[in-house]
Amino acid sequence: MADDHVDVLIIGAGASGAAIAWSLADTRMHIVCMEQGDWTNPSEYPSAHMDWESRAAGEFSFDPNARGRVTDYPVNNDDSPIAVANFNGVGGGTVLYAGHFPRFHPGDFCVKTLDGVADDWPIDYETLEPYYDENDRMMGVSGLAGDPAYPPKPAIMPPLPLGKSGEKLAQGFNAKGWHWWPSDSAVATEPYDGRDKCINLSACTYGCAQGAKASTDITYWPHAIRAGVELRTRCRVREITVNDEGMASGAIYYDADGNEQRINAEVVIVACNGVGTPRLLLNSKSTLFPDGLANSSGLVGKNLMFHPYSQIYGTFPDELDGVRGPQDSIWSQEFYETDLSRGFVRGFTYECIRGHAPIGTAVNNMISGRVAWGEDHHRTYREVVNHVTGMVAICEDLPEEHNTVTLDPDLKDTDGIPAPKLNYTLSDNSKDMLDFSIARAAEVLTAAGATNIESSAPIAGGGWHLMGTARMGTDSATSVVNEWGRCHDVKNLFIVDGSIFVTGAGVNPTRTIQALALYVADNMKQRLANLFD
Amino acid sequence: MSNVIGSDNPYSDDERQLLREIAGLLIPASSEYGIPGADDERIFDNILVSIIRLAPTLKPKLHDLQALAEERHGPDFLSLSQVDKTTLLRDQINYALLQHLITATATAYYQDGRVLETIGLKSTPPFPGGHDIEQGDWSLLEPVKARAPFYRKVPSRTSD
């Protein structure tokens, strides 16, 4: 590694790192992506095994602290009601996501203008629209055109089936006169770009053994690697280095054997998610950047946004899909846009969930007493299993500076790198929105014929969406990156993950994260001659 | 044949017998559904494997359960009637033990192919093969299709 010098170093091979690697590949620059985790062999995914639910709770848990792989880093969630969920490996969080794939709405980019809260983005929906379209083609999106909750957008593959569960919930929404629509999903319903179609394995959120779900290890990465991008796994970056001019000069990382290594780069792109990115920047302290890299605004690690989730389920007399099928089916955005008469600003999406798995159904209901143990077990279990469906509400979380990612003074990963610590509280607005989402969902379920409606909020382990901790903006005093992803303080350092979100909207963020990565890549390519000016 | 290697198994024969009895009490066999109970040898082996790590927690609680049986009834737990066994297990004092064993028992039981088939699932892993699900009634979407767009429209402010 005596002369390990590249043009572009990308740190992180997840949703955004893969997208920008692929897009930049046509520049013919020497691009290396470093990923702390491994490739995952699909035969290892839980759904290829009888004990898939046990594996899903262990080595494929989305809780890194429970998963505890050597490739994971621990997260201190003690001061947060919501714990981080992620995956560290090629594909990142897309390996373990459901593939629920909504876009932001036009209004999501200007909440200050529309609702007088938070801030507007420096870009708008129109700017991102071609990149959404490009990303849709690369990931392969199923859905149905014509959703009245959105501006027109293409549907590449037919939607996922309603199934019995989706049909039941659709009846409930119709009875209320409320919006629903088949979800846009990053799950292929037809053979697509070398991937086979969905065969309803059910365990989407623990890795798709069929390869129907669009995780970036099987979408962007094969294309990027064929185009010349070099992807190095088991490289855990400790810090980004800088030269005397205050430009990023590369990174120091640990290889799979724990040996410290150095790589030099002309451009560094960070794609480590809304917690991993501030962790890396805060760990990259130097004489020139004593408070962490690119942190003259003091905003690195601040304004952490999740999507607080509620979950609401009902039991039906009819048999439903249960665990059969992809998790995704339909969504509702009836309560997406602001209506202050509801008692809160902004809104949420209902993401409907087909049903629950057999072990989870047994354990949870036996412990709660709803399913008997003993002689009456089988009868009571069969009243529940395959008879439950419902939804989660993905609530928009507004940015607040006191919600932070900092470095834990004691906790470290296996290479001794300080781990992230969260300090996060739910706002009153979020609490009111969660309560409202539960009440309205109960109305839908009741209208559809459900009994025994159960709910909870927030989902404690539901920190899937990590946003806002290196926000985008035109003013270097109030943002970390500019309107095309370049750090205000370091002109050859870019950030492309969810940390650059100004606001979080009320939808799953991956489609927007990837569209942003393609947008940043395009801006870099257009400015190659004067990229650092 | 048991999958648990003797030298790895922290539970004594008496403890294993007690655990197996409890598993069968929690989820008994059913002639109506044609399925074994959780005390079935293959299922119980999986339960045992799953609770090896819990031995330091469970062994004292099993001892307490035996002591409670003898204190209240005289004979040990295994000699009691079904009613007395069930009553003892339901005692609040055994709450923690029960939580652990419900989790372990239900987990092993509902990954057994013979059981899964009776609830409409495959007796093999989900992959390959998957499941069949219906398309559903797409005509339900007609009233929603008729709805006018309701997203908030905003002025364009595309950056340079």
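Each remark here, short or long, concerns the structure printed above.
Residues numbered from 1 in each chain as written. Chains lettered and ligands numbered in written order. Predicted model: local features only at pLDDT ≥ 70, side-chain atom pairs only at ≥ 80, totals over all residues. Heavy atoms only, no water.

S.K.: How should I be thinking about the overall build of chain A in this particular structure?
M.R.: For chain A, the count of helices and strands is twelve helices and 16 strands. Compactness check: chain A gives a C-alpha radius of gyration of 22 Å against a globular reference of 24 Å for 533 residues, within 12% of the reference. C-alpha extents for chain A along the principal axes are approximately 70 × 50 × 45 Å. Burial analysis of chain A (533 residues in total) assigns 67% to the buried set. The long-range share in chain A, meaning contacts at least 24 apart out of those at least 6 apart in sequence, stands at 74%. Just so you have it, chain A exposes about 16,300 Å², and 47% of that area is on carbon and sulfur atoms. Separation between the mean location of the 40 positive side-chain charges and that of the 70 negative ones in chain A comes to 3 Å. (Helix = DSSP H or I, 4+ residues; strand = E, 2+ residues; numbered from the N terminus. Rg over C-alpha atoms; globule rule 2.2 N^0.38 Å. Buried < 20%, exposed > 50% of the residue type's maximum accessible area, 1.4 Å probe, protein only. Contact = heavy atoms within 4.5 Å. Areas by Shrake-Rupley, 256 points an atom, 1.4 Å probe, with all protein chains shown as cover. Lys, Arg positive; Asp, Glu negative; His and termini not counted. Charge placed at Lys NZ, Arg CZ, Asp CG, Glu CD.)

S.K.: Is there a simple way to think about the interface of chain B and chain A in this case?
M.R.: Buried accessible area, meaning the area lost when the parts come together, often serves as the stated size of an interface. With 59 residues of chain B in contact, the opposing surface of chain A contributes 77 residues. One salt bridge in this structure joins A:Asp115 and B:Arg152, with 2.9 Å as the shortest N-O distance. Of all the secondary structure elements, the ones that give two or more residues to the side of chain B that touches chain A are helix H1 (13-26), helix H4 (82-90), helix H5 (95-109), helix H6 (113-117) and helix H7 (142-145) of chain B. Tallying contributions element by element places H5(B) first for the side of chain B that touches chain A, with seven residues. Tallied by class, residues from the side of chain B that touches chain A come to 30 nonpolar, 19 polar and ten charged. (Salt bridge = Lys/Arg side-chain N within 4 Å of Asp/Glu carboxyl O. Nonpolar A, V, L, I, M, F, W, Y, C, P; charged D, E, K, R; others polar.)

S.K.: Just checking my understanding: could you explain the pairing of strand S13 (residues 404-412) of chain A for this structure?
M.R.: The side chains of a regular strand alternate, residue by residue, between the two faces of the sheet. Residue and element names in this part refer to chain A. With five bridges connecting them, S13 and strand S14 (residues 418-423) associate as antiparallel partners. What sits directly across from Leu-407, in S14, is Pro-420. Here S13 folds back onto S14 in antiparallel fashion, the turn holding five residues, of which Gly-416 has a positive phi close to 85 degrees. (Pairing = 2+ DSSP bridges.)

S.K.: How should unusual backbone geometry be read in this particular structure?
M.R.: Glycine aside, a negative phi is what most residues show, and trans is what most peptide bonds show. Residues A:Ala457 and A:Pro458 are joined by a peptide bond in cis, for which omega reads -10 degrees. Assignment of secondary structure puts A:Pro458 in the loop between strand S15 (451-456) and strand S16 (493-495). Look at the link from B:Phe127 to B:Pro128: it is a cis peptide, with omega at -5 degrees. Looking at where B:Pro128 falls in the secondary structure, it is placed in the loop between H6 and H7. In this structure, A:Arg346 is a non-glycine residue whose phi angle is positive, near 70 degrees. Relative to the assigned elements, A:Arg346 resides in the loop between strand S10 (330-332) and strand S11 (348-353). Taking the relative accessible area as the measure of exposure, A:Arg346 reaches 0% and is therefore buried. Phi at A:Asn386 is positive, roughly 70 degrees, even though this residue is not glycine. Mapped onto the elements, A:Asn386 comes out in the loop between helix H10 (377-384) and strand S12 (388-395).

S.K.: Where do I start with the sheet that holds S12(A) in this structure?
M.R.: Hydrogen bonds along the backbone pair up the strands of a sheet, which may run parallel or antiparallel. Residue and element names in this part refer to chain A. Taken in spatial order, the six strands of this open sheet run S4-S10-S11-S12-S9-S15, and their pairing is antiparallel. The sheet is open, and its two borders are formed by strand S4 (181-182) and S15, each paired with just one other strand. The pairing of strand S9 (residues 309-315) with S12 spans seven bridges and is classified as antiparallel. Bridged to Ile-312 within S12 is Met-391.

S.K.: How do you make sense of the nonpolar core when you look at a structure like this?
M.R.: Within soluble globular proteins, side chains that are nonpolar generally end up buried alongside one another. Residues and elements named next belong to chain A. With 134 residues, the main nonpolar core has Leu-9, Ile-20, Trp-221, Ile-240, Ile-269, Met-391 and Leu-493 as its most contacted residues. Per-element accounting of this core gives the leading share, nine residues, to helix H12 (residues 510-526). Apart from the residues lying within four places of it in its own chain, the contact partners of Trp-221 are Ala-13, Gly-14, Gly-17, Ala-18, Ala-21, Cys-33, Trp-39, Val-90, Thr-216, Val-229 and Leu-231. (Core = buried A, V, L, I, M, F, W, Y, C linked by side-chain atoms within 4.5 Å.)

S.K.: Just to check I follow, could you spell out the packing of helix H3 (residues 55-73) of chain B against H5(B) for this structure?
M.R.: In a pair of packed helices, the angle between the axes and the distance between the axes together describe the arrangement. All names here are of chain B. It is at 10 Å that the axes of H3 and H5 come closest, and there the two elements cross at 125 degrees. The orientation of H3 with respect to H5, classified from their angle, is oblique. For the element pair H3 and H5, the recorded crossing hand is left-handed. Of H5, the residues touching H3 (which contributes Thr-57, Leu-58, Lys-61, Leu-62 and Leu-65) are Ala-96, Leu-97, His-100 and Leu-101. A class-by-class count of the residues in the contact of H3 with H5 yields six nonpolar, two polar and one charged. (Axes fitted to C-alpha atoms, helices over the stretch in contact; angles between N-to-C directions. Parallel < 35°, antiparallel > 145°, perpendicular 65-115°, else oblique. Left-handed = near helix turned anticlockwise from the far one by under 90°.)

S.K.: In this structure, what is going on with the sheet that holds S14(A)? I would like to understand it.
M.R.: Residue and element names in this part refer to chain A. Read across the sheet, three strands follow the order S3-S14-S13 without closing on themselves; strand pairing throughout is mixed. Each edge of the open sheet carries a strand with a single partner, namely strand S3 (76-79) and S13. Averaged over all pairs of adjacent strands, the angle between strand axes in this sheet comes to 40 degrees, irrespective of strand direction. Each of S13 and S14 touches helix H8 (residues 273-283); the most contacted strand, S13, lies at about 70 degrees to it.

S.K.: Teacher, can you tell me more about the environment of A:Ala48 here?
M.R.: Residue and element names in this part refer to chain A. Residue placement: Ala-48 occurs in the loop between strand S2 (31-34) and helix H2 (52-57). On the basis of relative accessible area, Ala-48 is assigned to the partly exposed category, the value being 22%. Sequence separation between Ala-48 and Ala-209 is 161 residues, and the spatial gap between their C-alpha atoms is 6.5 Å.

S.K.: I tried to follow the state of the cysteines on my own but got confused; where do I start?
M.R.: Covalent bonding between the sulfur atoms of two cysteines is what defines a disulfide. According to the stated counting rule, one finds zero disulfides over all chains in the structure shown. The thiol of A:Cys204 is not disulfide-bonded; the next cysteine sulfur, from A:Cys198, is found 6.1 Å away. (Disulfide = S-S within 2.5 Å.)

S.K.: In this structure, what is going on with the side chain of A:Thr361? I would like to understand it.
M.R.: Mapped onto the fold, A:Thr361 is located in helix H9 (residues 358-368). With residues up to four places along the chain from it excluded, the contact list for A:Thr361 reads A:His356, A:Tyr381, A:Val384 and A:Val385.

S.K.: In this structure, what is going on with the packing of aromatic side chains? I would like to understand it.
M.R.: What describes a pair of aromatic rings is the distance from one ring centre to the other and the angle between the planes of the rings. Overall, the coordinates contain 26 aromatic pairs over all chains when judged by the stated rule. Geometrically, the ring pair formed by A:Phe348 and A:Tyr350 is edge-to-face, given 4.9 Å between the ring centres and 75 degrees between the ring planes. Like A:Tyr350, A:Phe348 is buried. Centroid distance B:Tyr109 to B:Tyr110: 4.9 Å. Interplanar angle 85 degrees. Geometry classified as edge-to-face. In this structure B:Tyr109 comes out as buried when scored by relative accessible area, which is 0%. (Phe/Tyr/Trp six-rings, centres within 6.5 Å; stacked < 30°, edge-to-face > 60°.)

S.K.: Mind showing me how you'd approach the pairing of strand S6 (residues 236-242) of chain A here?
M.R.: Residue and element names in this part refer to chain A. Within S6, five of the seven residues are buried, leaving the element largely enclosed by the surrounding structure. Relative to strand S7 (residues 248-254), S6 runs antiparallel, the two sharing six bridges. Counterpart to Val-242 in the pairing with S7 is Ala-248.

S.K.: Honestly, the pattern of salt bridges in this entry has me stumped. Any pointers?
M.R.: Working definition: two side chains of opposite charge can pair if their charged atoms are close together. All names here are of chain A. If you walk through the whole model with that rule in mind, you get 39 salt bridges over all chains. One salt bridge in this structure joins Arg-236 and Asp-415, with 3.1 Å as the shortest N-O distance. Note that Arg-236 is positioned in strand S6 and Asp-415 in the loop between S13 and S14, a separation of 179 residues in sequence. Judged by its relative accessible area of 5%, Arg-236 falls in the buried class. Linking Arg-370 and Glu-454 is a salt bridge whose minimum nitrogen-to-oxygen distance equals 3.7 Å. Of this pair, Arg-370 sits in the loop between H9 and H10 while Glu-454 is found in strand S15, placing the two residues 84 residues apart along the sequence. For Arg-370, a relative accessible area of 25% corresponds to the partly exposed category. If you follow the salt bridges from partner to partner, you end up with Arg-103, Asp-133, Asp-136, Lys-153, Asp-184 and Arg-511 in one network.

By themselves these figures say nothing about function.
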